[in-house]
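As a plain string of letters, each chain reads:
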Amino acid sequence: GETSPQDLLARIQVPAVDDAPSKLAQLIKQAQAAGTAGQFAEAINLAAQADRLARKNNLVPAAGTPRPAQMVAVLEIKLLDQSTGKTGKSLAELVQTRVNDYMVVAAKQEAAGRLSEALRLASVAGLMAQSTQLVFPTGTLTPEALIARVAAAPAPQPLPPKAPSRTGHAPSRVPEGRATCE
């Protein structure tokens, strides 16, 4: 007989991992494998997922395992290094541009109240800048300054409970309305 698409997918997909520490380890391992294979964009995506998961759940990778933010920074630099021949720009120029891109998005995330993502992006920018000894012009928002600002920001307050709505009464009156119209 024929194999159903679900059967094929079940064979090729890694079983879903429910617990966050196992999922973190799995994402880091997949990111490392993609990086080793030279698939830097995929590796960056997986490492960023691992970073978000670690931050969301306050997880620390197992001893000897790279931190996801560090992986993203290293992989970004490797990806940029591949581009140096195509763009005619030096690696330092490409890193400077990429760090600036991260900082712009981090500041937008901060302004939108997504502080965890702002911290993640600023951390990656900081690690990239640090590893290439990038110097920021005076008056420029540095990753460290943004991280300090976000860390000092008050935690978002939960929304107050909603007042009971009146819409719950409408369905009970629909038959009355129909009877009136007939």
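Counting starts from 1 at the beginning of each chain's written sequence and moves along it residue by residue. The predicted nature of this model means local features are confined to residues of pLDDT at least 70 and side-chain atom pairs, given and counted, to a pLDDT of 80 or more, with totals for whole chains, interfaces and linings taken over all residues. Excluding hydrogens and water, the side-chain figures rest on all heavy atoms present in the structure.

Let us look at the pattern of salt bridges. By salt bridge we mean one thing: a side-chain nitrogen of Lys or Arg within 4 Å of a carboxyl oxygen of Asp or Glu. Considering all chains together, one arrives at 7 salt bridges under this definition. Between Asp51 and Arg55 there is a salt bridge; the shortest N-O distance is 3.1 Å. Linking Asp51 with Arg55, this pair stays in helix H3 (residues 40-56), spanning 4 residues, or about one helical turn. For every residue, the accessible area obtained with a 1.4 Å probe (protein chains only) is divided by the maximum for its type, and the residue is called buried under 20%, exposed over 50%, and partly exposed between those limits. With a relative accessible area of 3%, Asp51 lands in the buried category. You can call Arg55 partly exposed: its relative accessible area is 26%. Between Arg98 and Asp101 there is a salt bridge, with its nearest N and O atoms 3.9 Å apart. Residue Arg98 and its partner Asp101 are both found in helix H5 (residues 91-111); the two are separated by 3 residues, about one turn of the helix. By relative accessible area, which is 35% here, Asp101 ends up partly exposed. Where salt bridges share partners, they join Asp51, Arg52, Arg55, Glu117 and Arg120 into one cluster. The numbering of helices and of strands both runs from the N terminus, where a helix is a DSSP run of H or I of at least 4 residues and a strand a run of E of at least 2.

Structurally, the position occupied by Arg120 is in helix H6 (residues 115-131). When its relative accessible area of 4% is taken as the criterion, Arg120 is described as buried. Residues are treated as being in contact if the distance between any of their heavy atoms lies within 4.5 Å. Residue contacts for Arg120: discarding those within four places in its chain leaves Ala48, Asp51, Arg52 and Arg55.

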